[in-house]
Amino acid sequence: MSKTTNMVRIAIISDVHCHTERDIKSSYYIASMPDTPFEKNPFSSLTNLIKKNGLQFDYILSPGDFADKIDEKGLKVAWDQLKLLYYESKSKYLIGTIGNHDVSSKDSGDSFRSIKSVLSDFPIYRYEDIDSVIKNQLLINAYFTFESEDIFFLILNSSFDHWSSNEARHGKFNESSYSSIESKIKETDKKIKICMMHHHPIIHETGNGDTNDIVENNDKLWELLVDFDFVIHGHKHDFRLTQKKIYPKNLSIIASGSFSCYKEGLAPGGLNMFHVIELLDDEVENCKNQGFLQTYTYSPYDGWKHVIRLTQGFGCTLNDSEIITKLESEITSQENPYLEYIEICELIPWIKFNSQSKIRDIFRVLENNRTIKRITYSNDGIIDTIIIK
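Per chain, residues are indexed from 1 in the order of the written sequence. Totals for whole chains, interfaces and linings use all residues, but because this is a predicted model, local features are given only for residues with pLDDT of at least 70 and pairs of side-chain atoms are given and counted only at 80 or more. The basis for every side-chain value is the complete set of heavy atoms in the structure, and neither hydrogens nor water enter the calculation.

Caption draft 1: Inspection of the overall build of the protein chain at higher detail. For helices the rule is a DSSP run of H or I covering at least 4 residues; for strands it is a run of E covering at least 2, with both sets numbered from the N terminus onward. Broken down by element type, the protein chain carries nine helices and 17 strands. Principal-axis analysis of the C-alpha atoms places the extent of the protein chain at approximately 70 × 50 × 45 Å. Think of it in three bands: with a 1.4 Å probe and only protein chains considered, a residue is buried below 20% of the maximum accessible area for its type, exposed above 50%, and partly exposed in between. Each of the 389 residues in the protein chain was classed as buried or not, and the buried ones make up 59%. Contacts were defined at the residue level, with two residues in contact if any of their heavy atoms lie within 4.5 Å. Residue pairs in contact within the protein chain that sit at least 24 positions apart in sequence constitute 67% of those at least 6 positions apart. Each accessible area is a Shrake-Rupley estimate made with a 1.4 Å probe; only the visible protein chains count as cover when residues are assessed. When the accessible surface of the protein chain is split by element, carbon and sulfur atoms take 46% of a total near 16,900 Å². By the counting scheme adopted, Arg and Lys are positive, Glu and Asp are negative, and His together with the chain ends is not counted. Lys charges are placed at NZ, Arg charges at CZ, Asp charges at CG and Glu charges at CD. Across the protein chain, 44 positive and 56 negative side-chain charges occur, with their mean positions spaced 2 Å apart.

Caption draft 2: Structural context of unusual backbone geometry. With an omega of -5°, the peptide bond between Thr-36 and Pro-37 qualifies as cis. Looking along the chain, the bond that leaves Phe-122 and enters Pro-123 is cis, with omega of 10°. Located in the positive-phi region is Ala-142, a residue other than glycine, with phi close to 70°. Examined against the element boundaries, Ala-142 turns out to sit in the loop between helix H4 (133–141) and strand E5 (143–147). Judged by its relative accessible area of 5%, Ala-142 falls in the buried class.

Caption draft 3: Quick look at the nonpolar core. If you look at the biggest cluster of nonpolar residues, it comprises 72 residues, and the most contacted ones within it are Ile-95, Phe-274 and Ile-277. The element best represented in this core is helix H2 (residues 72–88), accounting for seven residues. Discounting residues that sit within four places of it in the chain, Ile-95 has contacts with Ile-60, Leu-61, Ser-62, Pro-123, Ile-124, Phe-144, Phe-146, Phe-153, Ile-155 and Met-196. If you look at the next biggest cluster of nonpolar residues, it comprises 28 residues, including Leu-280, Cys-287, Leu-318 and Ile-331. For our purposes a nonpolar core is just a set of buried Ala, Val, Leu, Ile, Met, Phe, Trp, Tyr and Cys residues, chained together by side-chain atoms within 4.5 Å.

Caption draft 4: Local environment of the packing of aromatic side chains. Only Phe, Tyr and Trp rings are paired, with Trp represented by its six-membered ring, and only when their centres lie within 6.5 Å; those with planes under 30 degrees apart are stacked, over 60 edge-to-face, the remainder tilted. Taken as a whole and assessed by the stated rule, the structure comprises 22 aromatic pairs. When the centroid spacing of 5.0 Å and the interplanar angle of 75° are considered together, the rings of Trp-79 and Phe-122 count as edge-to-face. In this pair, Trp-79 is assigned in helix H2 and Phe-122 in the loop between helix H3 (113–118) and strand E4 (124–125), connecting sequence segments 43 residues apart. This pair shows no difference in class: Trp-79 is buried, exactly as Phe-122 is. Put simply, the rings of Tyr-28, Tyr-29, Phe-43, Phe-259, Tyr-262, Phe-274, Tyr-296, Tyr-298 and Trp-304 touch in pairs and so form one group of aromatic residues. The residue whose ring lies beneath Lys-220 is Tyr-178, and the NZ or CZ to ring-centre distance is 4.6 Å. Taking the ring centre of Trp-222 as reference, the NZ or CZ of Lys-244 above it sits at 5.0 Å. Here, a charge over a ring means that NZ of Lys or CZ of Arg falls within 6 Å of the ring centre while also lying within 35 degrees of the ring normal.

Caption draft 5: Quick look at the pairing of strand E10 (residues 249–255). With seven of its seven residues buried, E10 lies for the most part within the structure. As defined by bridge partners, strand E9 (residues 240–246) adjoins E10 across seven bridges and the pair is classed as antiparallel. If you follow Lys-244 over to E10, its bridge partner there is Leu-251. A pair of strands is considered paired only if DSSP assigns at least 2 bridges between the two.

Caption draft 6: Fine view of H2. Each residue after the first adds 1.5 Å to the expected span of a helix. Along its 17 residues, H2 runs 25 Å from first to last C-alpha, staying within 8% of the 24 Å computed at 1.5 Å per residue. If you check which residues of H2 are buried, you get Gly-74, Leu-75, Val-77, Ala-78, Trp-79, Gln-81, Leu-82, Lys-83, Leu-85 and Tyr-86. Residues of H2 that are buried sit in contact with helix H1 (42–53), strand E2 (59–62), strand E3 (93–96), H3 and E4. Under this definition, polar contacts are N or O atom pairs within 3.5 Å; protein pairs additionally need one hydrogen-donor-capable and one acceptor-capable atom, and for neighbouring residues in sequence, both atoms have to be side-chain atoms. By the N-cap criterion, in which a side-chain oxygen at the helix start approaches the backbone nitrogen of a residue two or three places on, H2 is capped by Asp-71, the distance to Lys-73 being 3.2 Å.

Caption draft 7: The confidence of the model for the protein chain, seen in detail. Confidence per residue, as judged by the predictor, is encoded in pLDDT with a range of 0 to 100. On average, the protein chain scores 90 in pLDDT, and the residues at 70 or more come to 92%. Of the regions scoring below 50 in pLDDT, residues 1–5 engages in 12 contacts with residues more than four places distant in sequence or in other chains.

Caption draft 8: A look at the sheet that holds strand E7 (residues 192–196). What the six strands build is an open sheet, ordered E5-E6-E7-E8-E10-E9; its pairing is mixed. Two strands bound the open sheet, and with one partner strand each, they are E5 and E9. With strand direction ignored, the average angle separating the axes of adjacent strands in the sheet is 15°. Of the strand pairs in this sheet, strand E8 (residues 230–233) and E10 are connected by four bridges, and their pairing is parallel. Residue pairing in the sheet places Ile-232 in a bridge with Ile-254 of E10. All axes here are fitted lines through C-alpha atoms, helices being fitted over the stretch that makes contact, and every angle between N-to-C directions spans 0 to 180 degrees. In the packing of H4 onto the sheet, the strands contacted are E5 and strand E6 (151–156), and the crossing angle to E5 comes to about 145°.

Caption draft 9: Region of interest: the packing of H1 against H2. For the pair H1 and H2, interaxial distance at closest approach is 10 Å and the crossing angle is 5°. Comparing the axis directions of H1 and H2 gives the class roughly parallel. Here Phe-43, Leu-46, Thr-47, Ile-50 and Lys-51 of H1 lie close against H2, whose contacting residues are Ala-78, Gln-81, Leu-82, Leu-85 and Glu-88. Roughly parallel covers angles under 35 degrees, roughly antiparallel covers those over 145, roughly perpendicular covers 65 to 115, and oblique covers all other angles.

Caption draft 10: Quick look at the environment of Ser-158. Inspection of the secondary structure assignment puts Ser-158 in the loop between E6 and helix H5 (178–187). Not counting residues within four places of it along the chain, the set of residues in contact with Ser-158 comprises His-170, Gly-171, Lys-172, Met-197, His-198, His-199 and Val-215. Polar contacts involving the side chain of Ser-158 include one to the side chain of His-199, which spans 2.7 Å.

Caption draft 11: Local environment of the sheet that holds strand E16 (residues 374–377). Taken together, three strands build an open sheet; the order of strands is E15-E17-E16 and the sheet is antiparallel. Both outer strands of the open sheet, strand E15 (338–340) and E16, are each paired with one neighbouring strand and no more. Recorded for the sheet is a direction-independent mean angle of 20° between the axes of neighbouring strands. The sheet contact formed by E15 and strand E17 (residues 383–387) spans three bridges and is antiparallel. Paired with Leu-339 across the strands is Ile-386, a residue of E17. Helix H9 (residues 356–368) contacts E16 and E17 of the sheet and is inclined by roughly 145° relative to E16.

Next comes the structure, spelled out in structure tokens:
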């Protein structure tokens with residue numbers, strides 16, 4: 001999927017957890033790992049995929065945990081590997097933020113000393129130099145904003161107060177920066193807005209995992225995110241896409257999963273992943289800044305693969321009740337006894353710009369209220385056909 005002229009493509013690579021100890025079972029990616037065989041090395045495998053398929057990204061975003069347990073060599077090697085991907089994919093910018101594993105929260109002294117000393121070109125990398133003041137803003141004020149040709153970025157440091165083991169148990173939004181962030185948002189004229197942080201601002205995981213590390217003060221954060229398109233976070237190693245109605249948009253919250261953690265560090269049944277946001281510029285009724293989230297999964301046996309069944313839509317501005325009403329009207333007007341889902345997408349183009357989970361929930365409502373008789377699914381669990389009569 002090479003980049004087309006009417007699309008902005010944003011790669012998301014999170015929670016690399018690079019380290020130097022071969023006996024540590026935290027991550028596949030070891031700082032001294034050879035490039036070959038490429039499928040055994042997640043970065044080499046991705047480089048191979050980029051070259052083979054002609055993949056191009058406008059941006060690469062990384063929500064933190066470059067290192068595992070503040071391994072300084074791992075910190076540097078992971079960031080350097082991301083820079084290589086930046087060049088291979090012809091990206092405009094590589095943008096990162098700080099994860100809890102990138103911070104020396106259990107040692108005395110400056111918790112951010114490794115970030116300061118090891119990563120000279122962090123948190124934004126491109127061909128030309130970026131003002132070094134940005135790093136200080138991320139460390140001191142716990143945020144920075146950045147405007148590219150297309151997008152307004154709000155980048156948060158949710159580990160800003162990790163000065164001790166106790167504080168490091170959770171993420172936090174720095175309320176003292178609220179007014180200055182609000183002013184920056186009001187000043188921008190960019191139509192696409194993205195917020196990135198390491199910790200999760202909502203309970204965002206499958207199963208019964210610990211939820212105590214959710215971002216504190218997130219109620220204040222949500223006040224700022226009106227009119228944002230995405231919140232992107234890492235930390236939980238559990239891929240999720242949740243769409244939250246914040247007028248006038250449905251905000252997409254992406255839990256990125258992990259690029260290279262061992263199975264033991266993933267959610268039950270989880271896979272290593274990276275994602276690509278594809279923002280389309282077509283005019284579609286009931287949509288704004290719509291597109292698709294493409295997902296790739298990794299195996300050390302055959303490398304990275306694009307998984308079609310995990311593709312998710314985003315950008316529909318309707319709430320659930322509005323979607324249900326419009327679908328009921330369209331479906332009850334049909335004479336055919338059934339409709340394939342692809343036909344529904346042709347009749348109602350905006351439906352595909354919702355997440356898979358939302359689409360399934362909506363059609364279950366229609367099934368329960370007997371607007372439709374039955375739903376059939378493909379072997380991958382994707383809606384295939386709607387039986388109307």
